[in-house]
Each structure stands twice: as C-alpha cells, then as structure tokens.
Amino acid sequence: MQSYIEKGGLRRHILIVDDELINREILGNLLSKDYEVHFAENGKEALDILLKREHIYSLILLDLLMPVMDGFKLLELLKEDEALRTIPVIVMTSEKDAEVRSIKLGAADFITKPYDMPEVILARCERIIELQEDKSLISAAEKDHLTGLYTKDFFTEYIKQIEKYNPEKNADVAVINIEHFHLINELYGRSEGDNVLTCIAEILSELFEDSHGICCRTEADYFYVYAENGNDYDKLLVSILDCLTKKIPAYHVHLRMGVYPDVDKALTAENWIDRAKTACDRIRGDYSRHIAYYNNEFYEKSKYQEKLINDIDGAIYNRDLIVFYQPKYSIQGDTPTLRSAEALIRWKHPELGMISPGDFIPLFESNGLIQKLDRYVWKEAARQIGEWKKTYGVSVPVSVNVSRMDIYYPKLREDFKELLETNGLETNELMLEITESAYADNADQLVNVIENLRNDGFMIEMDDFGSGYSSLNMLTTIPIDALKMDMKFIRNMQKDEKSMKLVELVLDIAKSLQVPVIAEGVETEEQLKLLKARGCDIIQGYYFSKPVPPEEFTKFFVPEENN
C-alpha cells in the first residue's frame, strides 16, 4: 500500500530547529529519505528562515531549550503570524512538564528525547502533516473565498449538526438575493460587485454573530441564513439596506428576501432552503415588495403552479387549451363594423376546471413556457382563420400575441410564413401584437425583428400602450401599424381627469404617427361615445362581446339565418 507521502507526488519541506548538532543529524538522516529537510540552530534563525518564505513548510520539529531564542518564544511568535500559525509544530524535549504549555501555545504533538524509536517519529511526522493538509483542504472548501461565509455544502452540513444536538429548538431559513446584480458588475466593474458582496457578508455576520445563526453565500449573489426562530426579518432587511447605504452609498442596491419561518423538522435542510428560495424568487422583479414568506398558503399556491407547469404539455396534446376570440369594431362610421379579432387563450383543465389566464400566463412568462403557449395560439388562430375563410368565404384578421421571449427566436419569421402557407392566408390576416414592455429589453434587436416582419407584410400592433415603459423617442424609431391603449385609461377616464387627458394624449400621438388606436376594455355606450368623439378608430371590450369560442364568434360575421 502506498504511503501518504508517496501519494502526494511531491516532497514536503520540514524545518528542524535544535541547537544540538547530533540531534539535527539524527532527525535529518531519519527524515531526508521522504522529505526536504532544512535546519536552524535556534528560534531566531528559524524565524528568519520562515519569514523569507522561500519554501512552504509542512512541519516544524522544534526543540524548546535553545540559546538566543527558545522554543516557547518561537511558538508565541508563530501563533501571532496569520500565515505561519498554520504550520504544524511537533515539540521535541526531555522536559515532561513542558508538554501542557507547548500544547497551549499551539504545538500539534510532543516527542520525548532521546529518539529511541525512529519509526514512531516518522509515523508521527507523516500523520501530523496529513492531518494539517486535510484540515487545510476542508477549510478551503468550507468557506467562500470572497466573503468568508460558509459554502452551501458546509452550510447544510452544519445545519444538520446543529439540529442533531438541538432538535427541540424552532428555526428559520432565509434566502437573500441582489436584484439585477449583473448590472453592478457591468456598470461599475467586477471589483465593485465583489465589494457589494463582501459588504453584505460582513453585515450578515455582524447581525447573526450573537443570535445562534450561520450564513452562507452561493450562486454568486445569493445568501442563505439559518437562525433561531423569532427574528423580525422585515426589520432585519431594513437594517441590511441601511448598512449598505452607509457603506456603499454610490449604488442603489435592491435586495429581496424569502423566509421559511418555523421550519418543518420532518423535512430536510435542503428542503428548507428550497422553500425559502422559492419565496425569494417569487418576488423577482417586483420592486413593490422586498420580502416574501413561505407558509401554507404559499405552499398550496406553489403546488398549484407546479401542477400547471407539469400539465402544460398534456393540455396542448389533448387540446384542453382553447383559443377564444374577442371582436374589434371600427366605430368612426355611422354603424360599428367588425374590423378584426384578438386571439385569447383559455384553459379547460380536466381536474381544475376553467383556469384564469391570470393564473398561468404570468407564470409561463416567468419560466419561459410562454413560447410554447404562444406557438399553440398562433397555430390554432391561423387554422381558424383559414377554416372561416374556406367555410364562409369571409376573411377575419386575427391578432396574436408575440411575447418578449419570442422576439429572440431566430426562426420567428420562418414559422409565421409557414403558418400562412399551411392555412392559405395572407400576411394581413394574421396580425402581431407586441407588448409595450418588450420595447424596453433590447430596442435595437426589436426594431430589426419588427422591420423584417413588416417587410414580410405583417401588421404590428403595440399592445398595452401607456402602461409605463415607452417613450415618445422610441415610437419614432420603432415601426408600428396600430396602438392598443391600455385598458386602465378607459376604465378611469370618466371619473379621473388625468386618465382622460392621457387618453387624449395617446390619440394625439397616434394621429401624428398616422396609425389607428385600438381602445381595450370598452364596456359602456358612454365610453364608446367619448372615444368616438375624440377620434378613436377601433374599440374592443365587453360592450360588443366578451371573448368567445370560435363556434360562437361566427355570429359577428354570418347572418343569423345562415349561422
């Protein structure tokens, strides 16, 4: 079997410190076969050698009684030096009474003179070096190199140890994340980003130093906390933000925290962390909230959302997802006339019944599944337009949503062209709605995609215009064919003068751009008259119809006797 020394593939350096030549020779002869051996005649000479740091020493063999500087003094000085204190020391002396004092000063082992059992000395040297190197490896893996907090693996292991000896104590787990941390690195440099991370680590260490809590940093900008139950985490987060403002006032750091309070001891430490992180991630991008708690209500909601995520493929395969259509009417003539329709998804779940789009669309937007949903809607809408066209000889243009994630899909144009060819449609029969918020992500790429789609002949509508992302400058650079006014303006325009002014402003902007305005959410005749008087071109809403399944939509373009 290979020895520990041979396994390492390198020769460690050992420093022998003894004023007696015969002792140095005995130990040198004993150890030189396996180690690079260096010598010093007293503590002062040894310290000089160590401070030069020409070699990394794996072990010091130290005599205690020496001239100039004895072994006790050298032990004291080694203990004070951050780097040198990590070198293990085996004390060699005939003074039995010196053992306790040597151990208290940091000695790792004790060998009694004279050296009558060389194999024992060699074995002890090998074992002490092995233990120290194992300890160093564990220490390196235990702590995050930047912040000094625990790494995730050691964090969970320490939780398990604490729980083992304190199973009756209630505990909480919290997860803290820096919102858009990558922007700090990009705008100010990685060193400033590291400064933010170390600052948060220092604050957490100070806050939990006396409260039986431990902290961890993982995944770049995530921090985990395990602490005794009873902390006020709202106040804790405020304290962290206040400290950050004082220490690094140049940056406005936005933190979010997820807390799993009074953890369920039947679950594992990893489960506790997952639940706290789920709460934390649930408020990602929500600047109105800084903290979320994982409780029974949260748990039920998470289970519900997880079921929706798991069932989406089955819903598409079984056609449980139904595309409804809501008509849009031109209102500037004497009689409102059907102009087009909007495709809107509905989910008739076999177990849960009808599911509100508000439950699954934001969820799928946050996890990327919205692309799968959008493609289903595009395919169904194109098929339905073609079917109406073939059956009734009527072309009803339908607008479909193109989400932010769809914009970055390289085969977007090819997919739309294929849908048109498959269903015998023209480009003006399938219109594309792009939500206003998409314009804030990557304006240059968006302009390029939209220009290409318009060159292909597609009509582009900006959805939810006025919801807070756009600028007048952006409207001059991004080509569009219609503005859809955010329905909250319509809802409030009769009771809120500001909303009415905004409605008029949107209509004026559209007029200057020479594009029509589609007003969403119109429910009353009075709203219709106000919009018509101010020049609005098209309306959509419950005044004419709620979204209906395709078989009901035919009543809007087929006479009743033929329907």
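Novice: Quick question: what am I supposed to make of helix α9 (residues 190-208) here?
Specialist: Because each turn of an α-helix spans 3.6 residues, side chains separated by three or four positions end up pointing in the same direction. Spanning 19 residues, α9 covers 27 Å between terminal C-alpha atoms, matching the ideal 27 Å at 1.5 Å per step. On its buried face, α9 sits against β6 (171-178), α8 (181-188), β7 (214-218), β8 (222-228), α10 (233-247) and β9 (255-260).

Novice: What am I meant to see in α8 here?
Specialist: Residues of α8 that are buried include every one of Phe181, Ile184 and Asn185, and no others. Buried residues of α8, seen end-on, are gathered within an arc of 95° and therefore sit on one face of the element. The exposed set on the far side of α8, more than 90 degrees from its buried face, consists of Glu186 and Leu187. Along its buried surface, α8 packs onto β6 and α9. Count one or two residues on from α8 and you reach Gly189, which has phi positive near 100°.

Novice: Which parts of the structure should I look at to understand the sheet that holds β6?
Specialist: Sheet strands pair by backbone hydrogen bonding; their relative direction is either parallel or antiparallel. Pairing is mixed across the open sheet formed by five strands, whose spatial order is β7-β8-β6-β9-β10. In this open sheet, the two edge strands, each paired with only one partner strand, are β7 and β10 (291-293). Strand-to-strand twist in this sheet, taken as the mean axis angle between neighbours without regard to direction, amounts to 15°. Two strands pair when backbone bridges link them, and β6 and β9 are joined in this way by six bridges, in the antiparallel orientation. Across the sheet, residue Ile178 finds its bridge partner in β9, namely Leu255. Packed onto the sheet, α10 meets β6, β8, β9 and β10 and runs at close to 155° relative to β9. Across the sheet, helix α11 (residues 269-282) touches β6, β8, β9 and β10, and the angle it forms with β9 is around 140°.

Novice: Teacher, can you tell me more about the pattern of salt bridges here?
Specialist: Any two side chains of opposite charge can pair, on the condition that their charged atoms come close. With the rule as written, the count across this model stands at 34 salt bridges. In this structure, Lys265 and Glu163 form a salt bridge, with 2.9 Å as the shortest nitrogen-oxygen distance. Pair noted here: Lys265 is in the loop between β9 and α11 and Glu163 is in helix α7 (residues 152-165), with a separation of 102 residues, a long-range link. You can call Glu163 buried: its relative accessible area is 12%. Arg383 is the salt-bridge partner of Glu380, the closest N and O atoms lying 3.1 Å from each other. On the criterion of helical spacing, the pair formed by Glu380 and Arg383 is a turn pair, its members being three residues apart in helix α14 (residues 370-392). Here the salt bridges do not stand alone but share partners, grouping Lys328, Glu342, Glu433, Glu461, Lys484 and Glu520 into one network.

Novice: Help me understand the pairing of β7, please; the structure alone is not making it clear to me.
Specialist: On a regular strand, one side chain projects to one face of the sheet and the next to the other, so that they alternate. Along β7, five of the five residues are buried, which leaves the element largely enclosed by surrounding structure. Where burial is concerned, the two faces of β7 agree: the one with Ile214, Cys216 and Thr218 and the one with Cys215 and Arg217 are both buried. With five bridges joining them, β7 and β8 adopt antiparallel strand pairing. Across the sheet, the residue bridging to Arg217 is Phe223, located in β8.

Novice: Whenever I open this one, the packing of α7 against α11 confuses me. Can you help?
Specialist: For any two helices packed against each other, the geometry is given by the interaxial angle and the distance between the axes. Contact pair α7 / α11: the axes reach a minimum separation of 9 Å and the direction vectors enclose 120°. When the axis of α7 is compared with that of α11, the two are oblique. The two elements α7 and α11 cross, and the hand of that crossing is right-handed. Counted together, Phe155, Thr156, Ile159, Lys160 and Glu163 of α7 and Ala269, Glu270, Trp272 and Ile273 of α11 form the full contact between these two elements. Across the contact of α7 with α11, the residue classes tally to five nonpolar, one polar and three charged.

Novice: It is not clear to me how the sheet that holds strand β2 (residues 36-40) should be interpreted in this structure. Could you clarify?
Specialist: An order of β2-β1-β3-β4-β5 is seen for the five strands of this open sheet, with the pairing classed as parallel. Each having just a single partner strand, β2 and β5 (109-112) make up the two edges of the open sheet. Here the average twist between neighbouring strands, direction ignored, is 20°. Bridge analysis of strand β1 (residues 13-17) against strand β3 (residues 57-63) gives five bridges, and the strand direction is parallel. If you follow Leu15 over to β3, its bridge partner there is Ile60. Strands in contact with helix α4 (residues 71-80) are β3 and β4 (89-93); relative to β3, the strand with the most contacts, it is inclined by about 150°.

Novice: Looking at this model, I keep getting lost on the environment of Leu483. Mind explaining?
Specialist: Counting through the fold element by element, Leu483 comes out in strand β17 (residues 482-485). A C-alpha to C-alpha distance of 6.4 Å links Leu483 and Pro516, two positions 33 residues apart in sequence.

Novice: Just checking my understanding: could you explain the environment of Phe72 for this structure?
Specialist: Its location among the elements puts Phe72 in helix α4. On a C-alpha basis, the gap between Phe72 and Asn310 in space is 68 Å, while along the polypeptide they are 238 residues apart. When near neighbours in sequence (up to four residues on either side) are disregarded, Phe72 contacts Leu64, Ala98, Arg101, Ser102 and Leu105.

Novice: I'm lost on a nonpolar patch on the surface in this one. Help?
Specialist: Residues Leu183, Leu187 and Tyr188 make up a contiguous nonpolar surface patch of roughly 310 Å² in combined accessible area. Secondary-structure assignment places Leu187 in helix α8.

Reading the values: rules and limits
Residues numbered from 1 in each chain as written. Predicted model: local features only at pLDDT ≥ 70, side-chain atom pairs only at ≥ 80, totals over all residues. Heavy atoms only, no water. Helix = DSSP H or I, 4+ residues; strand = E, 2+ residues; numbered from the N terminus. Expected span 1.5 Å × (residues − 1). Contact = heavy atoms within 4.5 Å. Buried < 20%, exposed > 50% of the residue type's maximum accessible area, 1.4 Å probe, protein only. Arc of directions from axis to C-beta. Pairing = 2+ DSSP bridges. Axes fitted to C-alpha atoms, helices over the stretch in contact; angles between N-to-C directions. Salt bridge = Lys/Arg side-chain N within 4 Å of Asp/Glu carboxyl O. Parallel < 35°, antiparallel > 145°, perpendicular 65-115°, else oblique. Left-handed = near helix turned anticlockwise from the far one by under 90°. Nonpolar A, V, L, I, M, F, W, Y, C, P; charged D, E, K, R; others polar. Patch = residues over 30% accessible without salt bridge, like charges linked within 9 Å, V, L, I, M, F, W, Y side chains within 5 Å. Areas by Shrake-Rupley, 256 points an atom, 1.4 Å probe, with all protein chains shown as cover.

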